[in-house]
Each structure stands twice: as structure tokens, then as C-alpha cells.
Amino acid sequence: LAGILPDYYTLLGKEMGIHFTFQVYPSAAAALTAVHEGKAQVLGLFSGSQDEAYKDGLRLIDISGNRNLVTIYKVNHTGKKVAVTKRNLLFLQQRLSGQDYEFLPQSDNEACYQALKNNQVDSIICTDMAATWIFNNHRTDGYSMIPLTLMKKVYTAVPVTADNSLYSLISKSVRKVA
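Computed from a predicted structure; not experimentally measured.

Asker: What exactly am I supposed to notice about the sheet that holds strand β3 (residues 69-74) here?
Answerer: Strand pairing in a sheet relies on backbone hydrogen bonds. The paired strands run either parallel or antiparallel. The sheet built from 5 strands is open, its strands ordered β5-β4-β6-β3-β7 with mixed pairing. Each having just a single partner strand, β5 (102-106) and β7 (143-148) make up the two edges of the open sheet. This sheet shows a mean twist of 30 degrees between the axes of neighbouring strands, independent of strand direction. Sheet analysis places strand β4 (residues 81-85) next to β5, joined by 5 bridges and oriented parallel. Considered in β5, the bridge of Ala83 is made with Leu104.

What follows is the structure in C-alpha cells.
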């Protein structure tokens, strides 16, 4: 598998000294069932509330990290059609759900810039480092950038019945890689 979650868990596994294997489930309910039946030890992504986790018998670990995201847009132009890198698509869909964004995934930051330049999208959502690269490598007269505040947290979860050492080890390692 490729993408932000497998990459994150690969990094986390290196910090922990273990190797994660991944299983994709057709729904959140199916993944939760697999965790409760012992077919999976960790729920890789949980974006519900603390209350929902408690009801589902889960202990949460915040993996949101501190991502400095920005929106690049054309001055005096608004809209919800957004270019994002394919690598960040799932993360942004989770974090910005319910905000009516229409994401147009691109292969890389250059492709995101070209989509904005060619009026295929209304804006780009990317990291502050990617935005700096875009502004340093292109004529960006008429473009502006604002920080994007993400309020919804993303969690990994282990069942409350799990060995406390697994929860403790993941919690400590998450703080190191965040």
C-alpha cells in the first residue's frame, strides 16, 4: 500500500522497532469489528470523537501531528475546487470532511500549481514548505497564501482490552515522530 497512512506507520514502526502490516477494510465498521475480534491489533485511522471511541471500546492516540498547511489562491477568486497531491488526499479528506471541498488529486506540487494556473481549480492546499517551493519557482503575481487551521483530530486506536504495553509504546513513539 502507498499513501500517507502506510508512510506514517512505516516511520512509526521504525521508531518502535517493529513492522506494521496493513489490511484495508470496506468500511469503518468492518475495521472496528476486525480489531474487536483480534484480527487486527490497531485501528490505523479513527476520526470520531472521544465519546464514540469510549462507546466503541477504544483507547485513542492522537496522530494528527503539527502539519503547517496553507491554501494558495488567486487574489479575488473563491471556490471549493482544490488541487492536492495524491499523497495528501486521504489525510485532507479526513481532516476537512463536511466542508464541501472538491479535491482534484495531482501527482505532485508542480501539477497542483499548473492546475491553479490553468484555472482547473480554485486553490491549492499544501504544506508551508511546498508553498514556499511553489512561490520560489514560479511567477506568483496575483496569488496569495493563508494558513489553514485544521480542527478535527485524527487518531489511531487500540481496544481497551489490549495489552497496555502496546498502547504505551505507540503513544510514546507517536510523540517522537509527530
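Asker: Any chance you could explain the state of the cysteines here in plain terms?
Answerer: Such a bond, covalent and formed between the sulfur atoms of two cysteines, is termed a disulfide. Scanning all chains against the criterion turns up 0 disulfides. Looking at Cys112, it has no disulfide partner, and the nearest cysteine sulfur is the one in Cys126, 7.1 Å off. Residue classification places Cys112 among the buried residues on the basis of a relative accessible area of 1%.

Asker: Just checking my understanding: could you explain the packing of aromatic side chains for this structure?
Answerer: Working definition: an aromatic ring pair is given by the centre-to-centre distance plus the angle between the planes. The final tally for this structure, using the stated rule, is 5 aromatic pairs. Where Tyr9 meets Phe20, the ring centres are 5.1 Å apart and the plane angle is 70 degrees; that geometry is what we call edge-to-face. One end of the pair, Tyr9, is in helix α1 (residues 4-16); the other, Phe20, is in the loop between α1 and α2 (28-36), and 11 residues separate them in sequence. Both residues of the pair, Tyr9 and Phe20, belong to the buried class. Lying over the aromatic face of Tyr101, Lys80 brings its terminal NZ or CZ to 4.6 Å of the ring centre.

Asker: I tried to follow unusual backbone geometry on my own but got confused; where do I start?
Answerer: With glycine set apart, most residues show a phi of negative sign, and most peptide bonds adopt trans. Its identity as a non-glycine residue notwithstanding, Asn76 has a phi of 65 degrees, on the positive side. Along the chain, the position of Asn76 falls in the loop between β3 and β4. According to the relative accessible area criterion, Asn76 is exposed, its value standing at 79%. Even without a glycine there, the phi angle at Asn119 is positive, about 60 degrees.

Rules of the game
- Residues numbered from 1 in each chain as written.
- Predicted model: local features only at pLDDT ≥ 70, side-chain atom pairs only at ≥ 80, totals over all residues.
- Heavy atoms only, no water.
- Pairing = 2+ DSSP bridges.
- Helix = DSSP H or I, 4+ residues; strand = E, 2+ residues; numbered from the N terminus.
- Axes fitted to C-alpha atoms, helices over the stretch in contact; angles between N-to-C directions.
- Disulfide = S-S within 2.5 Å.
- Buried < 20%, exposed > 50% of the residue type's maximum accessible area, 1.4 Å probe, protein only.
- Phe/Tyr/Trp six-rings, centres within 6.5 Å; stacked < 30°, edge-to-face > 60°.
- Lys NZ or Arg CZ within 6 Å of the ring centre and 35° of its normal.

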